Number of protein chains: 2
Amino acid sequence: MVKIGDVAREAGVSIATVSRALNNHPTVNPELVDRVREAADRLGYRPNGIARNLRRQSTDVLALVISDVSNPFFTAVTRGVEDVAQRNGYSVLLCNADEQPEKEATYLRVAEQEQVAGVIISPHSAGTDVSRLVAAGIPLTVIDRPLGPVAGPREGETRPDARGAFDSVMVESVGGARLATEHLLAAGWVRPGCITGPLDAATAEQRLAGYLAALGAAPREVQPLVARGPFRQAGGRAAAAELLDAAEPADRPDALFVANAPMALGVLEAVRERGLRVGIDLGMVVFDDAPWAPFIEPAMTVIAQPAYRIGERAAELLVARIRAAAGAGPVPPTAQELLTTDLVVRASSLRA
Amino acid sequence: MVKIGDVAREAGVSIATVSRALNNHPTVNPELVDRVREAADRLGYRPNGIARNLRRQSTDVLALVISDVSNPFFTAVTRGVEDVAQRNGYSVLLCNADEQPEKEATYLRVAEQEQVAGVIISPHSAGTDVSRLVAAGIPLTVIDRPLGPVAGPREGETRPDARGAFDSVMVESVGGARLATEHLLAAGWVRPGCITGPLDAATAEQRLAGYLAALGAAPREVQPLVARGPFRQAGGRAAAAELLDAAEPADRPDALFVANAPMALGVLEAVRERGLRVGIDLGMVVFDDAPWAPFIEPAMTVIAQPAYRIGERAAELLVARIRAAAGAGPVPPTAQELLTTDLVVRASSLRA
DNA sequence: TTGAAAGCGCTAACAT
DNA sequence: ATGTTAGCGCTTTCAA
């Protein structure tokens, strides 16, 4: 490996000059800059990032910790984050926690140890522990799911200023879920059920809460019908089976509000296996749009989230905070952004 | 930030002992190990990964450079890589090159500078430059798309031993594409067209080659009908439009072989816009399965790749090579694995 | 403007 | 078995 000393010798200058020349320090003689550049090219010199990071105590890398790479929502978020990061000179390292708390914890530890410049995370649950990151002074933006109070340095102690510890970008989940359910009711379905994620996932709770709120506000009384499963295709299938196979026909839903897109595919499996027809025997609305939603039969009605925008905003807030932490900008006030969702009516929610 | 010296003081030992204790060095008194552990816990010590990497000249991190996070094929590959990596104590950093050569180059540079333990890459084109990685001795496994000869240290020079420079895990693309096209012909479609990726993408060429081979072997002569576009939904839509809108009806395909799944969604858009019905007016086969494929109407016939397995094998080969490079195992012979594809017949390819 | 040298936090070779 | 110390390759004072 060719190092800075080799370049210095080749260019006939000191290593300090090489460092300054390569980092565009203004105080160095332009002629020397050229000589150094050429020498570096000739030798194929590539600065050792690790050494640089150790010295600078910082990196040009952002970590994006998401719950599931195969969920189109998160890939859209990823795009937004990447585009903003790239414009600002950062690389994005994507960490797929895969809905597993241990995997998430591992990535958070790696992020801390490798001293990334900042972290954007969609926490598995409100209990996800980011206290070390906060303590290490690594800027953090939380997306998609809220985080509970951050633990303080001593056990059992929480930081009263936890809210100020990080920015967040969320979506109006409760409202979107309520809108979806009201839409189902308005379309003439009488017993909408709700298929949501696990108890520890905040988004699962919010979407359920919206569903319940809609039922509560309905003119006639409607019995809540709820099933849970992991936020994946298999989870949706099992949960749908649970609801659809209820012993009492009166307990079987005639419509389904599904809390995320991967689950919806599983719900569709269960529906088919039972010979049910969406739009005829069963109404359906899904929280989250997906590329395939317009192409299935009937086309899926969804609550669309501004996924790309969430990624963009999260990255913008993070970059601003990194800059501020480096003293290269004003300290922005803590942001808690709430973006809105859209009901996209296609065919699955309409009675044929 | 609490560092190793602080722990040493707290535990009343030297920093060397702390280092050894925390790294499970066998030669250290178990009683001291406990003392050190406790001291470290008490202080909330977290080793500085950067400093460690600088000293050790290595990392516990693998980089996985893929062309498109939103393609389900790559997310399945990612899962395979992650599972193997985790079992072997590595973290995976996912780098989304997004089909852009510059972005890919940036990530490769980051991987080199941050000295990741190894890289798995699905190269944008055969021209992707991995010479620096090879020169830096970073083990590399190539997946999905082949890489051309690796450039040598001097311009214009190629390394004759380039084939031995890295392992690869690919899929029988040509054969799969040929099978798909033959299936279309056998199902009674008479003018199958091919929608493939850009000229510089090797998989686009391979899939086209398979298509052409099938036409060449057909009993009656069949005119090739080919359109290209970026490997995305919008690319598929534009390419399909090109074929479907041919001035001469005789030049319009009555079936389509589509080279990847994201493109297929775009093709479906174009098909709908023209009021065509898949399975009736138009046969369709897609290279690559996708979670939504069984759920669209009619269900999509696909060439399924063992995506998860590709990721697993790539990671296994990489880990073995990293071990070997560290002297912790035998040097494996260069592997060039070729996995097989499966034709999954659903409804889209059958004449109703 | 340039160079010499200190040190980022850690591991490992060497000394005890 | 434990401690002392020399670096890993770089950036950045400090001195010239």
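Residues numbered from 1 in each chain as written. Chains lettered and ligands numbered in written order. Predicted model: local features only at pLDDT ≥ 70, side-chain atom pairs only at ≥ 80, totals over all residues. Heavy atoms only, no water.

**Student:** I would appreciate a short explanation of the overall build of chain A in the present structure.
**Tutor:** Scanning chain A from terminus to terminus reveals 12 helices and 12 strands. Evaluated residue by residue, chain A yields a buried proportion of 54% over its 352 residues. Intrachain contacts of chain A at a sequence separation of at least 6 include 69% that bridge at least 24 residues. Total accessible area on chain A is roughly 14,600 Å²; 52% of this is exposed by carbon and sulfur atoms. (Helix = DSSP H or I, 4+ residues; strand = E, 2+ residues; numbered from the N terminus. Buried < 20%, exposed > 50% of the residue type's maximum accessible area, 1.4 Å probe, protein only. Contact = heavy atoms within 4.5 Å. Areas by Shrake-Rupley, 256 points an atom, 1.4 Å probe, with all protein chains shown as cover.)

**Student:** What exactly am I supposed to notice about the packing of aromatic side chains here?
**Tutor:** The relative placement of two aromatic rings is captured by the distance of their centres and the angle of their planes. All names here are of chain B. Counted by the stated rule, this structure contains two aromatic pairs over all chains. Note on Phe73 and Phe74: the rings are 5.0 Å apart at their centroids and 70° apart in plane angle, and the pair reads as edge-to-face. Its relative accessible area of 2% is what places Phe74 among the buried residues. (Phe/Tyr/Trp six-rings, centres within 6.5 Å; stacked < 30°, edge-to-face > 60°.)

**Student:** Please explain the pattern of salt bridges as it appears in this structure.
**Tutor:** Once their charged atoms are close, side chains differing in charge can pair, the charge on each being opposite to the other. Taken as a whole, this structure holds 48 salt bridges over all chains when the rule is applied. Note that Asp68(B) is salt-bridged to Arg79(A), the shortest N-O span being 2.9 Å. Taken together, the positions of Asp68(B) in the loop between strand 1 (61-66) and helix 5 (72-87) and Arg79(A) in helix 5 (residues 72-87) put the pair across two chains. The burial state of Asp68(B) is the same as that of Arg79(A); both residues are buried. Through salt bridges with shared partners, a single network forms among Asp68(A), Asp98(A), Lys103(A), Arg232(A), Arg79(B) and Glu82(B). (Salt bridge = Lys/Arg side-chain N within 4 Å of Asp/Glu carboxyl O.)

**Student:** So what exactly am I meant to see when it comes to the protein's contact with DNA strand D here?
**Tutor:** Within the structure, DNA strand D sits among 27 residues, and Ile4(A), Arg55(A), Thr17(B), Arg20(B) and Asn29(B) are positioned closest to it. Each atom of DNA strand D within 4 Å of the protein belongs either to a base or to sugar and phosphate, the latter forming 62%. Tyr45(A) places a polar side-chain atom, nitrogen or oxygen, 2.6 Å from a phosphate oxygen of DNA strand D. Counting only elements with at least two residues in the surface near DNA strand D, the list comes to helix 2 (15-22) and helix 4 (49-56) of chain A together with helix 2 (15-22) and helix 4 (49-56) of chain B. A per-class count over the surface near DNA strand D returns 12 nonpolar, eight polar and seven charged. (Near = heavy atom within 4 Å. Polar contact = N/O pair within 3.5 Å; in protein donor to acceptor, adjacent residues only side chain to side chain. Nonpolar A, V, L, I, M, F, W, Y, C, P; charged D, E, K, R; others polar.)

**Student:** Sorry, what's going on with the confidence of the model for chain A here?
**Tutor:** As a note on interpretation, predicted positions should not be read in detail where pLDDT is low. With 96% of its residues at a pLDDT of 70 or more, chain A has an overall mean of 93. Counting contacts from residues 159-163 of chain A, a segment whose pLDDT is below 50, to residues more than four positions away or on other chains yields eight contacts. (pLDDT = per-residue confidence, 0-100.)

**Student:** What is the right way to read the protein's contact with DNA strand C from this model?
**Tutor:** The environment of DNA strand C is formed by 26 residues, the closest being Thr17(A), Lys3(B), Ile4(B), Tyr45(B) and Arg55(B). Backbone atoms, meaning sugar and phosphate, form 66% of the atoms of DNA strand C found within 4 Å of the protein. Where the surface near DNA strand C is concerned, the elements lending two or more residues are helix 2 and helix 4 of chain A together with helix 2 and helix 4 of chain B. In the surface near DNA strand C, the residues fall into 11 nonpolar, eight polar and seven charged.

**Student:** When you look at the relation of the copies chain A and chain B in this model, what are you seeing that I'm missing?
**Tutor:** One copy of the chain maps onto the other through a rotation about an axis plus a displacement along that axis. Mapping chain A onto chain B leaves a residual RMSD of 0.1 Å; the transformation is a rotation of 180° accompanied by 0.0 Å of translation along its axis. These values place the two chain copies in the arrangement generated by a two-fold rotation axis. Among all residues of chain A, the minimum C-alpha distance to the rotation axis is found for Ile296(A), at 2.0 Å. Interface overlap between copies is the fraction of interface residues in one copy that are interface residues in the other; for chain A against chain B it reaches 100%, indicating a shared surface. (Least-squares fit on C-alpha atoms with pLDDT ≥ 70 in both.)

**Student:** Please explain the nonpolar core as it appears in this structure.
**Tutor:** Side chains of nonpolar character tend, in soluble globular proteins, to be buried together. Counting 132 residues, the largest nonpolar core has Val119(A), Leu140(A), Val119(B) and Leu140(B) as its most contacted members. When sequence neighbours within four positions are dropped, the list of residues in contact with Val119(A) reads Ala63(A), Val65(A), Ala111(A), Leu133(A), Ile138(A), Pro139(A), Leu140(A), Thr141(A) and Leu318(A). Core analysis: the next-biggest nonpolar cluster, separate from the first, contains 63 residues, Met263(A), Leu244(B), Phe295(B) and Val302(B) among them. (Core = buried A, V, L, I, M, F, W, Y, C linked by side-chain atoms within 4.5 Å.)

**Student:** What's the story with the sheet that holds strand 12 (residues 342-344) of chain A in this structure? I'm lost.
**Tutor:** One key point about sheets: their strands pair by backbone hydrogen bonds, in either a parallel or an antiparallel sense. Residue and element names in this part refer to chain A. In spatial order, the strands read 7-6-8-9-10-12; together these six strands make up an open sheet with mixed pairing. Each end of this open sheet is capped by a strand with a single partner; those strands are strand 7 (226-228) and strand 12. Direction aside, the axes of adjacent strands within the sheet are offset by 20° on average. With respect to the sheet, helix 8 (residues 173-186) is in contact with strand 6 (192-196), strand 8 (255-258), strand 9 (283-287), strand 10 (301-304) and strand 12, its orientation differing from that of strand 9 by roughly 170°. On top of the sheet, helix 11 (residues 261-273) reaches strand 6, strand 8 and strand 9; it is set at about 155° to strand 9, its chief contact. (Pairing = 2+ DSSP bridges. Axes fitted to C-alpha atoms, helices over the stretch in contact; angles between N-to-C directions.)

**Student:** Mind showing me how you'd approach the pairing of strand 3 (residues 118-121) of chain B here?
**Tutor:** Remember that side chains alternate between the two faces of the sheet whenever the strand is regular. Residues and elements named next belong to chain B. The alternating pattern of strand 3 places Gly118 and Ile120 and Val119 and Ile121 on opposite faces, both of which are buried. Across four bridges, the pairing between strand 1 and strand 3 is parallel. Bridging from a neighbouring strand, Val65 pairs with Ile121 of strand 3.

**Student:** Looking at this model, I keep getting lost on the interface of chain A and chain B. Mind explaining?
**Tutor:** A common way to express how large an interface is: the accessible area buried when the components associate. Of the residues lining the interface, 52 residues belong to chain A; the matching set on chain B comes to 52 residues. Summed over both partners, the interface of chain A with chain B buries about 4,700 Å², with 53% contributed by carbon and sulfur atoms. Area buried by chain A at its contact with chain B is led by Arg46(A), Ile50(A) and Phe295(A), which between them contribute 17% of it. Where chain A packs against chain B, one counts eight salt bridges. Between Arg79(B) and Asp98(A) there is a salt bridge, with the nearest N and O atoms lying 2.7 Å from each other. (Buried area = accessible area lost by both parts, 1.4 Å probe.)

**Student:** Help me understand unusual backbone geometry, please; the structure alone is not making it clear to me.
**Tutor:** Phi is mostly negative for residues that are not glycine, and the peptide bonds are mostly trans. Residue and element names in this part refer to chain A. Following Glu297, the chain continues into Pro298 via a peptide bond in cis, with omega recorded as -5°. The residue Gln115 is not glycine, and still its phi comes out positive at about 50°. Relative to the helices and strands, Gln115 resides in the loop between helix 6 (101-113) and strand 3 (118-121).

**Student:** Just checking my understanding: could you explain the packing of helix 1 (residues 4-11) of chain B against helix 2 of chain B for this structure?
**Tutor:** Geometry of a packed helix pair, given as the angle between the helix axes and the separation of the axes. All names here are of chain B. Put simply, helix 1 and helix 2 touch, their axes get as near as 8 Å, and they point 100° apart. As summarised for this structure, helix 1 and helix 2 are arranged roughly perpendicular, according to the angle between their axes. The segment helix 1 lies against helix 2, with Ile4, Gly5, Val7 and Ala8 engaging Ile15, Val18 and Ser19. Counted by class, the contact of helix 1 with helix 2 contains five nonpolar, two polar and no charged residues. (Parallel < 35°, antiparallel > 145°, perpendicular 65-115°, else oblique.)

**Student:** Whenever I open this one, the pairing of strand 9 of chain A confuses me. Can you help?
**Tutor:** All names here are of chain A. In terms of residue burial, strand 9 counts as a mostly covered element, since five of its five residues are buried. Residues Gly283, Val285 and Phe287 point to one face of strand 9 and Met284 and Val286 to the other, with burial holding for every one of them. With four bridges connecting them, strand 8 and strand 9 associate as parallel partners. By the bridge assignment for strand 9, Leu256 is matched with Met284.

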